[in-house]
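Observations on the model geometry
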Amino acid sequence: MSKASREIAFERLMAGRRAHTLFVRDLKTGFDATPSASFDGKAFGSGRTWLAAAIANIAIVLGVGFCVVLGPPVLECRRQAEIGFSAGGSFQGCVRKATIERLDRLESQLKMMVRGSGR
């Protein structure tokens, strides 16, 4: 009888897998350590922690994006404010105009990337 035709005892196989303990690498010392008693196999712990982590990541990405889009126009308008605005100009108007120009340029660059992506 060949090995493939023998029956595999599924319960025996699963019991052998369950008997193995999980090992965690301790990054401070470089040695393997057994997990603590509170480790239950979940990556983030409770069920809502992943949601908080996802919201925090989205907020960080949006915050950095907001600073990248709004930062240079504000700095440019601050320099312009030291020199002085022309008649009827203000800091807020300068920031608004520069931000709109920057967003329009970003939008046109994204459109060009999408158009060029089909090749």
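Just above sits the structure.
Residues numbered from 1 in each chain as written. Predicted model: local features only at pLDDT ≥ 70, side-chain atom pairs only at ≥ 80, totals over all residues. Heavy atoms only, no water.

Overview of the pattern of salt bridges
As a reminder of what qualifies: When a carboxyl oxygen of Asp or Glu is within 4 Å of a side-chain nitrogen of Lys or Arg, the pair counts as a salt bridge. Where helices and strands are cited, they refer to DSSP runs of H or I of at least four residues and of E of at least two residues respectively, numbered from the N terminus.
The full count for this structure, using the stated rule, is 1 salt bridge. Put simply, Glu 107 and Lys 111 hold a salt bridge, and the shortest N to O gap is 3.6 Å. Here Glu 107 pairs with Lys 111, and both are found in helix α3 (residues 91–116), just 4 residues apart, close to one helical turn.

With respect to a nonpolar patch on the surface
Rules: Surface patches are drawn from residues lacking salt bridges whose relative accessible area is over 30%; two like charges belong together within 9 Å, two nonpolar side chains (Val, Leu, Ile, Met, Phe, Trp, Tyr) within 5 Å. To measure how exposed things are, a 1.4 Å probe is used in the Shrake-Rupley method; for residues, cover is taken only from the protein chains shown.
A surface patch of nonpolar side chains, about 370 Å² in accessible area, is lined by Leu 103, Leu 106, Leu 110 and Met 113. Tracing the backbone shows Met 113 in helix α3.

Brief notes about the environment of Val 69
Basically, it comes down to this: The contact criterion used is simple: two residues touch if any of their non-hydrogen atoms lie within 4.5 Å.
Mapped onto the secondary structure, Val 69 falls in helix α2 (residues 49–83). The spatial distance from the C-alpha of Val 69 to the C-alpha of Thr 99 is 7.1 Å, given a sequence separation of 30 residues. Excluding anything up to four places from it in sequence, Val 69 contacts Arg 102, Leu 103 and Leu 106.

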